[in-house]
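Chain by chain, the residues:
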Amino acid sequence: MGDHSRLLPRQRSSKRSFIDTVKITVRRIRIRSSNDEEEDSGLGFWDSSVSPEEEEVFLQVLGMELGVALGVPSVQELAKSLKEVPTRYLRPEFELDEVSKDESVQVPVIDMGKLVGGRDDEEDELAKLHEACRDWGFFQVINHGVAEEVILKMKADVQEFFSLPLEEKMEYARLPDDIQGYSPSQVVTGGRKLDWSDFLYIFTQPRDGRNMRFWPRVPSSFRETLNQYSTELEKLNTALLSFMARNLGLEPEKLLSLFEGGRQGVRTNYYPPCKQADKVIGSTPHSDVAGLTLLTQVNEVQGLQIKRNGKWIPIDPIQGAFIVNVGNFVEIMSNGEYKSVEHRAVVNPEKERLSIATFNNPNSNAVIGPLPDILGKDGKKQAPKYKSMSFQEYMAERLREKKKKYYA
Ligand SMILES: O=C(O)CCC(=O)C(=O)O
């Protein structure tokens, strides 16, 4: 730990008194940020000579003061009180990334109404779905059968949850050994850069895998809304997988049996506005450890971008549609025929953004590897492009990779 004298009202010798001192500083910041006159004076609350290490200590203590688990402040709270973005959120590595300006380039739109009714255009729509999974890894689905009121209710409850005071959200805080709960976006150790977002992540299916400790009681309808939403999305996931199985030349039951009883997780993301939006990232580029992800954007603020031919393509969500992407499990099972594509979320300079991502996974008995029926398709013998392993081995491997990448 360095010399914090530039950061703090006065120098302290022990850790305890340092923390107390930071608490006093935090209170001052709060007073300052509620005082317009001082806001206008342009005073930052630390000067530019403060090192990233000192800043990290400060942020961690600020997080503790604000009551946030795991030592990372809620970005929502930070965004309210900070005038400058702390170094740990600055992501110069993304500043030069090319973002497509061509608004006509959009992911395919699949009309599920054409796939379920035994219609003449069924085969064409199936072919379109196949192409979307193969060439884009992403599509939007319309006429999906999920009742509009269920989606609207879910969006309203999520918005209400994130607008609660921090203390109330903290009742559902993530615990050190669980990935569920309300959390600023990452557990922080080492020098990892942070995303400009908070989230609430909950395992929703199967029902007997739920931990109600993380299910918000406020708004009072949230639990029932989430139950309905997750049940509807489980059905939609099953329907989409069965169309994909047909397109891949598989017996739908063979693919579906791998996902039956698999874990579904719903992650609601909150991206506060950021004046330096081009310098932060809401969600670091990643592909999903999931079978399929179904995403809905809660408000009208755009932010999702997908990587295609070296450029980021902003996705323009269709009202009422779900944005679907192929996850790593489906890519592996299809031996790479379907693509799990890298994506990210950017932040708006003026407005908050919220999204709800539902991740649908294979069950824990599934072998994660190219499916034998795919390798032997059309009487040909395809070489497997991926190793086969148990679900547990796969997850352990991902965890090891993540630790190496972020927490080394
Ligand atoms: O907010 C979004 O649009 C993307 C969210 C996402 O990629 C995720 O939650 O994994």
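Rules used throughout
Residues numbered from 1 in each chain as written. Predicted model: local features only at pLDDT ≥ 70, side-chain atom pairs only at ≥ 80, totals over all residues. Helix = DSSP H or I, 4+ residues; strand = E, 2+ residues; numbered from the N terminus. Buried ≥ 20, exposed ≤ 12 C-beta atoms within 10 Å, placed from the backbone. Contact = placed C-beta atoms within 7 Å. Near = placed C-beta within 6 Å. Axes fitted to C-alpha atoms, helices over the stretch in contact; angles between N-to-C directions. Parallel < 35°, antiparallel > 145°, perpendicular 65-115°, else oblique. Left-handed = near helix turned anticlockwise from the far one by under 90°. Nonpolar A, V, L, I, M, F, W, Y, C, P; charged D, E, K, R; others polar. Arc of directions from axis to C-beta. Expected span 1.5 Å × (residues − 1). Pairing = 2+ DSSP bridges. Core = buried A, V, L, I, M, F, W, Y, C linked by C-beta atoms within 7 Å. pLDDT = per-residue confidence, 0-100.

Q: Help me out: how do you make sense of the overall build of the chain in this one?
A: Counting its secondary structure elements, the chain contains 13 helices and 14 strands. In the chain, buried positions account for 37% of the 408 residues. Looking at the chain alone, contacts between residues at least 24 apart form 75% of all its contacts between residues at least 6 apart.

Q: Could you clarify how one ought to interpret the site of the ligand in this entry?
A: Around the ligand, the structure places Arg267, Asn269, Ser283, Leu295, Gly303, Leu304, His343, Ala345, Ser355 and Ala357. Where the shell around the ligand is concerned, the elements lending two or more residues are strand S5 (264-271), strand S11 (343-345) and strand S12 (353-360).

Q: Explain the packing of helix H9 (residues 222-247) against helix H10 (residues 252-259) to me, please; I cannot follow it from the model alone.
A: Each pair of packed helices gets described by two things: the angle between the helix axes and the distance between those axes. It is the contact of H9 with H10, at a shortest axis distance of 8 Å, that shows an interaxial angle of 140°. Between H9 and H10, the angle falls in the class oblique. As H9 runs across H10, the sense of the crossing is right-handed. Along the contact surface, H9 presents Thr238, Leu241, Ser242, Ala245 and Arg246, while H10 presents Pro252, Leu255, Leu256 and Phe259.

Q: Help me understand the packing of helix H6 (residues 122-136) against H9 in this model?
A: Running from N to C, H6 and H9 cross one another at 90°; their axes reach a closest spacing of 10 Å. What the angle tells us is that H6 and H9 run roughly perpendicular. Within the contact between the two elements, H6 uses Leu126, Leu129, His130 and Cys133 and H9 uses Phe243, Met244, Arg246 and Asn247. Classifying every residue of the contact of H6 with H9 gives 5 nonpolar, 2 polar and 1 charged.

Q: Can you walk me through the environment of Ala156 in this structure?
A: Along the chain, Ala156 falls in helix H7 (residues 148-162). Separated by 66 residues in sequence, Ala156 and Phe222 place their C-alpha atoms 9.2 Å apart.

Q: In this structure, what is going on with H10? I would like to understand it.
A: The periodicity of an α-helix, 3.6 residues per turn, causes residues three or four positions apart to be oriented the same way. Regarding H10, the residues found buried are Leu255, Leu258 and Phe259. Buried residues of H10, viewed axially, fall in a sector of 100°; they line one side. Next to the buried residues of H10 lie H9 and S12. Looking one or two residues beyond H10, the residue adopting positive phi is Gly261, at roughly 75°.

Q: Any chance you could explain H6 here in plain terms?
A: The end-to-end C-alpha separation of H6 is 20 Å, in line with the 21 Å expected for 15 residues at 1.5 Å each. Within H6, the full set of buried residues consists of Leu129, Ala132 and Cys133. Buried residues of H6 fall within an arc of 90° about the axis and therefore sit on the same side. Exposed positions of H6 whose direction lies more than 90 degrees from the buried face are Glu123, Asp124 and Ala127. Check the buried side of H6 and you find it contacts strand S1 (109-111), strand S2 (138-142), H9 and strand S10 (322-326). Taken from the residues just after H6, Gly137 is the one with a positive phi, measuring 70°.

Q: Even after reading the chapter, I still don't get the pairing of S5, so can you show me in this structure?
A: Two faces belong to every sheet, and in a regular strand the side chains alternate between them. By the criterion of burial, S5 is predominantly enclosed, with 7 of the 8 residues buried. Pairing of strand S4 (residues 198-205) with S5 involves 7 bridges; the strand directions are antiparallel. By the bridge assignment, Phe203 is partnered in S5 with Gly265. Relative to S12, S5 runs antiparallel, the two sharing 8 bridges. Its bridge partner lying in S12, Gln264 is registered against Asn360.

Q: Where do I start with the nonpolar core in this structure?
A: Side chains of nonpolar character tend, in soluble globular proteins, to be buried together. Ranked by size, the top nonpolar core spans 84 residues in total, and within it Trp196, Leu292, Ile323 and Val324 carry the most contacts. Once residues lying within four places of it in the same chain are set aside, the contact partners of Trp196 are Val75, Tyr89, Tyr271, Pro272, Cys274, Val280, Ile281, Gly282 and Val347.

Q: Hey, could you run me through the environment of Met395 in this one?
A: Looking at the element boundaries, Met395 is found in helix H13 (residues 391-406). In this structure the C-alpha to C-alpha distance between Met395 and Val289, which are 106 residues apart in sequence, comes to 8.7 Å.

Q: What should I look at first to understand the sheet that holds strand S8 (residues 304-308) in this one?
A: Pairing between the strands of a sheet is mediated by backbone hydrogen bonds and can be parallel or antiparallel. Ordered by their spatial adjacency, 4 strands build an open sheet running S6-S11-S8-S9, and the pairing between neighbours is antiparallel. A strand with exactly one partner marks an edge of an open sheet, and here the two such strands are strand S6 (283-286) and strand S9 (311-314). Between one strand axis and the next, the sheet turns by 25° as a mean value, whatever way the strands run. Strand direction decides the pairing type here: S6 and S11, joined by 2 bridges, are antiparallel. Bridge pairing links Ser283 to Ala345 in S11.

Q: Would you mind going over the confidence of the model for the chain with me for this structure?
A: Low pLDDT marks stretches whose predicted atomic positions should not be read closely. Averaged over the chain, the pLDDT score is 84; the fraction of residues at 70 or greater is 78%. Scored below 50 in pLDDT, residues 29-49 makes 14 contacts in the model with residues more than four places away or belonging to other chains. Counting interchain partners and residues more than four positions distant, the pLDDT-below-50 stretch residues 62-70 has 27 contacts.

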